[in-house]
Every structure is written in C-alpha cells, then in structure tokens.
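# Understanding the architecture of this molecule
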Amino acid sequence: SQQGEEDPQALSIQEGENATMNCSYKTSINNLQWYRQNSGRGLVHLILIRSNEREKHSGRLRVTLDTSKKSSSLLITASRAADTASYFCATDAYGNKLVFGAGTILRVKS
Amino acid sequence: DVKVTQSSRYLVKRTGEKVFLECVQDMDHENMFWYRQDPGLGLRLIYFSYDVKMKEKGDIPEGYSVSREKKERFSLILESASTNQTSMYLCASSSAWLVGGYTFGSGTRLTVV
C-alpha cells in the first residue's frame, strides 16, 4: 500500500546548486511530510505541509503541495555536502499512520 | 533533548531464535510504530500502537508480535527469527495529532544467520 512515490530515485549535484525532489501520492491527505535519513541512521523530520497550504519554507528548504495533482516537491537551495542523504515523503492517508515512499538518494559533491 | 532510543544498533541472531527489539521514548507520545527498511522497498509498517496495551497490525505483521505494557516502551518480537527478517528496524513515536511529525530512533540492523 505504498502511498508516496519519489522522483528521481537518485540525484547527484555540485555543492551550491539547488536540489529538487518530487513526490506523488494516490489518495486524499490531511498533510504531507518530508524526512531526511543519513546513511544507516534513523529518519529526521524536516517539514510538514497541510492539505490547505500550497507552500512552506524552513531555512534552505521549500516545500510545495498541489493537491489537485496529488504531488509535492522539496527544494533544497544552495546545497552543501552535509545535505547528502536520502529524502522521503510521507502521507497520512490512513489517520495517524504515515506511509513512506521509497525515497530519493541525494549526493552533493564538494 | 527529546528522543527515541532503540536498545541495540547491531544485532546478530541465529535462525529460530526469539528476538526482542526494544524501543523507549521520553516524549510522552501516545503513538508508537515499528517499521522495517529494505533497499528498494522503502519503509514498511509492521505494527503500531495508539495507547498502552493497544496494538494494530501494519502492512507486514507476519512473523512479528509487539508489546506495549507502558506508554514509553514498545517492543517488537520476532517469534522465530528467519533469514528473510534480516533488515534495518526503525522505531518511531508521535503525538496523537502528529504535531511535529514522527521522531525516529537510530535503528537496529538485525542480521539473522
């Protein structure tokens, strides 16, 4: 019952460039969240956007949500080597139970 | 610093053993979750709990059971470990209304030989 699908599966960019990751989902949601996972570690919550919001910012992160297209994007501006990680979107289509996508692997080269 | 603590980072067990994975949170969260993560498959929900002594099956509960006797502790039990249960296991907790999203533990990498 995978709800979120991230695109691309992997992304490699130079330090200082922007990174954009996309997420599509299938059913109506209350909110969509983005998480980061450094290699071999747990996930860290980055940002939550509610279904009645279209855009949200947090530091160098910008998230957009288009409920008509059932899609979201995560933009990381001025990327750093420390941003190298896997990024997951998650949706709450089933109450408090989040469903995660397979993730985008981001590599930022210095 | 609020956190979710998983008892082991790495664990090696033999086929057929009963395995206990422990998770403790200090945030007074109502909800707790167990996921397993495998390459190419993302995170899959095994079991979750909304309250003490309450549990619900996730997407892949077969071969697993859970226990939540206290609010802060959620245990995952592999009744008879098998090699296809070799995986990264992630515990998470959240408030009842998902305020602030999930807080994850660092994970337990379990190898069944």
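Small disclaimer: the values here were computed from a predicted structure and weren't measured. (Residues numbered from 1 in each chain as written. Chains lettered and ligands numbered in written order. Predicted model: local features only at pLDDT ≥ 70, side-chain atom pairs only at ≥ 80, totals over all residues. Heavy atoms only, no water.)

Now for the side chain of His29 of chain B. All names here are of chain B. Within the fold, His29 resides in the loop between strand E4 (23–25) and strand E5 (31–38). Note on His29: relative accessible area 12%, which makes it buried. One polar contact links His29 to Ser93, side chain to side chain, over a distance of 2.8 Å. If we skip the residues at most four places from it in the chain, His29 touches Arg68, Lys71, Ser93, Ser94, Ser95 and Thr103. (Helix = DSSP H or I, 4+ residues; strand = E, 2+ residues; numbered from the N terminus. Buried < 20%, exposed > 50% of the residue type's maximum accessible area, 1.4 Å probe, protein only. Polar contact = N/O pair within 3.5 Å; in protein donor to acceptor, adjacent residues only side chain to side chain. Contact = heavy atoms within 4.5 Å.)

Bringing the packing of aromatic side chains into the picture now. The geometry of two aromatic rings is summed up by the distance between their centres and the angle between their planes. For the structure shown, the criterion picks out 13 aromatic pairs over all chains. Pairing Phe100 of chain A with Tyr35 of chain B gives two aromatic rings, centres 5.4 Å apart and planes at 90°, and the pair type is edge-to-face. Highlighted residues: Phe100 of chain A in strand E10 (residues 97–100) and Tyr35 of chain B in strand E5, drawn from two different chains. Neither Phe100 of chain A nor Tyr35 of chain B differs from the other in exposure class; each is buried. Centroid distance Phe33 of chain B to Phe48 of chain B: 6.2 Å. Interplanar angle 20°. Geometry classified as stacked. Separated by 15 residues along the polypeptide, Phe33 of chain B in strand E5 and Phe48 of chain B in strand E6 (residues 42–49) bring together distant segments of the chain. (Phe/Tyr/Trp six-rings, centres within 6.5 Å; stacked < 30°, edge-to-face > 60°.)

When the sulfur atoms of two cysteines share a covalent bond, that bond is a disulfide. Evaluated as defined, the whole model comprises two disulfides over all chains. Disulfide partner of Cys23 of chain A: Cys89 of chain A, at an S-S distance of 2.0 Å. Judged by the sign of its S-S torsion, about 65°, the cystine formed by Cys23 of chain A and Cys89 of chain A is right-handed. Remark: Cys89 of chain A occurs in strand E9 (residues 85–94) and Cys23 of chain A occurs in strand E3 (residues 19–24); sequence separation between them is 66 residues. Each member of the pair, Cys23 of chain A together with Cys89 of chain A, is buried. With a sulfur-sulfur separation of 1.9 Å, Cys23 of chain B is cross-linked through a disulfide to Cys91 of chain B. (Disulfide = S-S within 2.5 Å.)

This part takes up the sheet that holds E3 of chain A. Strand pairing in a sheet takes place through backbone hydrogen bonds and is either antiparallel or parallel in direction. Residue and element names in this part refer to chain A. Pairing is antiparallel in the open sheet, where five strands are placed in the order E1-E3-E8-E7-E6. In the strand order of this sheet, the two ends are held by strand E1 (5–7) and strand E6 (55–58), each with one partner. Here the average twist between neighbouring strands, direction ignored, is 20°. Taken together, the six bridges between E3 and strand E8 (residues 71–76) define a ladder with antiparallel strand orientation. (Pairing = 2+ DSSP bridges. Axes fitted to C-alpha atoms, helices over the stretch in contact; angles between N-to-C directions.)

Before going further, it helps to spend a moment on the interface of chain B and chain A. Between chain B and chain A, the contact holds 22 residues from the first and 21 residues from the second. Roughly 1,700 Å² is buried in total at the junction of chain B and chain A, and carbon and sulfur atoms are behind 50% of that figure. For the pair chain B and chain A, the interface holds zero salt bridges. Applying the counting rule to chain B against chain A returns seven residue pairs in polar contact (both at pLDDT 80 or more). Looking at the side of chain B that touches chain A, the elements that each hand over two or more residues are E5, E6 and strand E10 (87–94) of chain B. Its residues placed into classes, the side of chain B that touches chain A shows 13 nonpolar, seven polar and two charged. (Buried area = accessible area lost by both parts, 1.4 Å probe. Salt bridge = Lys/Arg side-chain N within 4 Å of Asp/Glu carboxyl O. Nonpolar A, V, L, I, M, F, W, Y, C, P; charged D, E, K, R; others polar.)

Within the structure shown, the criterion is met by eight salt bridges over all chains. Glu55 of chain A is the salt-bridge partner of Arg62 of chain A, the closest N and O atoms lying 3.1 Å from each other. A relative accessible area of 31% places Arg62 of chain A in the partly exposed class. Between Arg73 of chain B and Glu22 of chain B there is a salt bridge, with the nearest N and O atoms lying 3.9 Å from each other. Residue Arg73 of chain B is located in strand E9 (residues 73–78), and its partner Glu22 of chain B is located in the loop between strand E3 (19–21) and E4; the two are separated by 51 residues in the primary sequence. When salt bridges that share partners are traced, they join Arg36, Asp38 and Arg44 of chain B into one network.

Moving on to the confidence of the model for chain A. The predicted model of chain A has a mean per-residue pLDDT of 91, with 94% of residues at 70 or higher. Across chain A, the secondary-structure element scoring lowest on mean pLDDT is E1 of chain A, at 83, and the one scoring highest is strand E7 (residues 61–66) of chain A, at 98. (pLDDT = per-residue confidence, 0-100.)

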